[in-house]
Amino acid sequence: MTEPILLPASDPHLDIRSLPKVSLHDHLDGGLRPATIIELAGAAGHELPSTDPVALGVWFREAADSGSLPRYLETFDHTIAVMQTRENLSRVAREFVEDLAEDGVVYAEIRWAPEQHVRGGLTLDEAVDAVQEGLNEGVDAVEAGGRLIQVGQLITAMRHADRGMEIAELAVRHRNSGAVGFDIAGAEDGFPPSRFAEAFTYLAENQFPVTVHAGEAAGVASIRDALVHGRALRLGHGVRIAEDIDVEFDADDSVDAGNDTAVGMVSIGQVAGWVRDRGIPLEICPSSNLQTGAVDSFGGDIESHPIDLLYQTGFQVTVNTDNRLMSGVTLTGEFELLVQTFDYDLDDILELTMNAVDAAFLPLEERDALAAYVTEGFNQARG
Ligand SMILES: [Zn+2]
């Protein structure tokens, strides 16, 4: 929490942590504090790879970085194991909100899959209520500390499971008590949104907002499925939409040469055109994308990450963290990475943040109020 901010070379005065930020793609079970996991695991008799908070944090990051899917998935076994009671869910949710506020986040949509948190005997509804209680406590604690934050739940159904309709009904039941949207997550390849056609129809009939993880572990066809069958209003990651874009470079042009450099001749395919021209927001998580191999086909490093191409060609790009514990990141850190790699300045950070404001699953009046609050914060930063 207190480590010094890495200052980008281009603007030594840019203090990204103090800027008001919006987080749309952040998993509750991917953002626990290591010390909390240790405490709760001890009480629950759950064995961990380490009982030292620093070493455990390193273990999570190394597992996520290992390139091994089983090791990566094992990290969630440990977090989910300690999130099976009302008290524990509330505590994790409360701390999650406090940590976001500490990072300068003023609006967050927090996603999690209730179906993974009923092993201790909670019903799905009790689990959602427990998380909401913790979120409310977190918001109150942040306010007591002199800051403001607003949060909502994205209720996730797991793709490999068969509970889509049940989870969709759960989400709609809680629409006036904290749930702002629905999501599907988990194994993307082989578990298309069309498996949940009935659930997505029900959500559409109830005018309940949907985001779908797509374009991470699978490509353009999966994104198309999310749009057609999921009726997705946003794409979770969606980064592989760039596979539907052709860029022809001149001999000495390059995508990573910065804001003012032409990226060459760009031709946009039909699915990418739909996503860009209709302004369907992309919830991009730069560090996570590198770890999961989502951007391997572009080069697999941050310099060749297509976020800049997508941003420069007019896609509704938003910047997110995905799993702060596993990736060892914060939203501030993700913006710093982009500033350092692509030479983004305050105007770029504002534009990316306003994209997230516009994409928030909030009523128009609340989005307008959030936009005004964010703008005011950036104006103050300009001095
Ligand atoms: Zn995700």
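Heads up: the structure comes first, above all this text.
Residues numbered from 1 in each chain as written. Predicted model: local features only at pLDDT ≥ 70, side-chain atom pairs only at ≥ 80, totals over all residues. Heavy atoms only, no water.

A. A look at the overall build of the protein. Summing up its helical and strand segments, the protein has 15 helices and 10 strands in all. Each principal axis of the C-alpha distribution contributes one length, and for the protein these read about 60 × 45 × 45 Å. Across the 383 residues that make up the protein, the buried fraction comes to 56%. Looking at the protein alone, contacts between residues at least 24 apart form 75% of all its contacts between residues at least 6 apart. Summed over its atoms, the accessible surface of the protein is roughly 15,500 Å², and 49% of this surface lies on carbon and sulfur atoms. (Helix = DSSP H or I, 4+ residues; strand = E, 2+ residues; numbered from the N terminus. Buried < 20%, exposed > 50% of the residue type's maximum accessible area, 1.4 Å probe, protein only. Contact = heavy atoms within 4.5 Å. Areas by Shrake-Rupley, 256 points an atom, 1.4 Å probe, with all protein chains shown as cover.)

B. Representation of the coordination of the zinc ion in the model. Here the zinc ion is held by His 25 (NE2), His 27 (NE2), His 213 (NE2) and Asp 322 (OD), and the distances to it run 2.1 to 2.4 Å. Taken together, the 4 donor atoms coordinating the zinc ion and their angles of 83 to 171 degrees define a geometry best described as irregular. Considered as a linear motif, the donors of the zinc ion on their single chain read H-x1-H-x185-H-x108-D. Residue His 25 is located in strand E1 (residues 21-27), and its partner His 213 is located in strand E5 (residues 210-214); the two are separated by 188 residues in the primary sequence. Comparing His 25 with His 213 shows no difference in burial state: the two are buried. (Donors = N, O, S within 2.8 Å, 3.2 Å for Na, K, Ca; no water. Tetrahedral: all angles 85-135°; square planar, octahedral: opposite > 155°, others 65-115°.)

C. Summary view of the packing of helix H4 (residues 86-102) against helix H5 (residues 124-144). Relative to each other, H4 and H5 sit at 35 degrees, their axes nearing to 7 Å. By crossing handedness, the relation of H4 to H5 is classed as right-handed. Among the residues making up the contact of H4 with H5, the classes are represented as 11 nonpolar, 3 polar and 7 charged. (Axes fitted to C-alpha atoms, helices over the stretch in contact; angles between N-to-C directions. Left-handed = near helix turned anticlockwise from the far one by under 90°. Nonpolar A, V, L, I, M, F, W, Y, C, P; charged D, E, K, R; others polar.)

D. Representation of the pattern of salt bridges. With the rule as written, the count across this model stands at 19 salt bridges. Among the ionic pairs, Glu 133 bridges to Arg 86, the shortest N-O distance being 2.9 Å. Of this pair, Glu 133 sits in helix H5 while Arg 86 is found in helix H4, placing the two residues 47 residues apart along the sequence. One salt bridge in this structure joins Glu 243 and Arg 240, with 2.7 Å as the shortest N-O distance. (Salt bridge = Lys/Arg side-chain N within 4 Å of Asp/Glu carboxyl O.)

E. Region of the structure containing the pairing of E5. Taken across its 5 residues, E5 has 5 buried, putting it largely inside the fold. Of the crossover connections in this fold, the one passing from strand E4 (residues 179-185) over helix H7 (residues 197-205) to the parallel E5 is right-handed. Bridge count for E5 against strand E6 (residues 234-237) is 4 bridges, and the pairing is parallel. Across the sheet, the residue bridging to Val 212 is Leu 235, located in E6. Crossover E5 to E6 through helix H8 (residues 220-228) is right-handed. (Right-handed = clockwise from strand over helix to strand, strands pointing away. Pairing = 2+ DSSP bridges.)

F. Broad picture of the pairing of strand E3 (residues 150-158). With 8 of 9 residues buried, E3 lies mostly within the body of the structure. Inspection of the sheet shows strand E2 (residues 105-112) paired to E3 by 6 bridges, in the parallel sense. Note on E3: the bridge partner recorded for Arg 111 is Leu 154. Running through H5, the crossover from E2 to the neighbouring parallel element E3 is right-handed. Inspection of the sheet shows E3 paired to E4 by 6 bridges, in the parallel sense. Within E4, the position partnered with Ile 155 by the bridge is Phe 182. For the segment spanning E3, helix H6 (residues 164-173) and E4, crossover handedness is right-handed.

G. Just the packing of aromatic side chains, in detail. The tally for this structure, following the rule as stated, stands at 5 aromatic pairs. Between Phe 182 and Phe 200, the ring centres sit 5.9 Å apart and the planes meet at 85 degrees, which makes this aromatic pair edge-to-face. With Phe 182 in strand E4 and Phe 200 in helix H7, this pair connects stretches of sequence that are 18 residues apart. Like Phe 200, Phe 182 is buried. Clustering of aromatic rings is evident, with ring pairs tying together Tyr 311, Phe 342 and Tyr 344. (Phe/Tyr/Trp six-rings, centres within 6.5 Å; stacked < 30°, edge-to-face > 60°.)

H. Inspection of the packing of helix H2 (residues 53-65) against helix H3 (residues 69-81) at higher detail. Where H2 contacts H3, the axes come no closer than 7 Å and their chain directions differ by 145 degrees. Both H2 and H3 take part in a crossing whose hand is left-handed. Only Arg 71, Tyr 72, Glu 74, Thr 75, His 78 and Thr 79 of H3 make contact with H2, whose side of the interface consists of Trp 59, Phe 60, Glu 62, Ala 63 and Ala 64. Across the contact of H2 with H3, the residue classes break down as 5 nonpolar, 3 polar and 3 charged.

I. Spatial organisation of the sheet that holds strand E9 (residues 282-284). Taken in spatial order, the 8 strands line up as E1-E2-E3-E4-E5-E6-E9-E10 in an open sheet, and their pairing is parallel. Each having just a single partner strand, E1 and strand E10 (317-319) make up the two edges of the open sheet. Averaged over neighbouring strand pairs, the angle between their axes works out to 25 degrees when direction is ignored. One ladder, built from 2 bridges, connects E6 with E9; its direction is parallel. Counterpart to Gly 236 in the pairing with E9 is Glu 283. Along the sheet, H6 makes contact with E3 and E4, crossing E3 at roughly 165 degrees. Relative to E5, H8 is tilted by about 165 degrees, and along the sheet it contacts E5 and E6.

J. View of unusual backbone geometry. The residue Gln 207 is not glycine, and still its phi comes out positive at about 50 degrees. Tracing the backbone shows Gln 207 in the loop between H7 and E5. In this structure Gln 207 comes out as exposed when scored by relative accessible area, which is 60%. One non-glycine residue with positive phi stands out, namely Asp 343, at about 65 degrees.

Function cannot be inferred from these measures alone, as they are strictly geometric.
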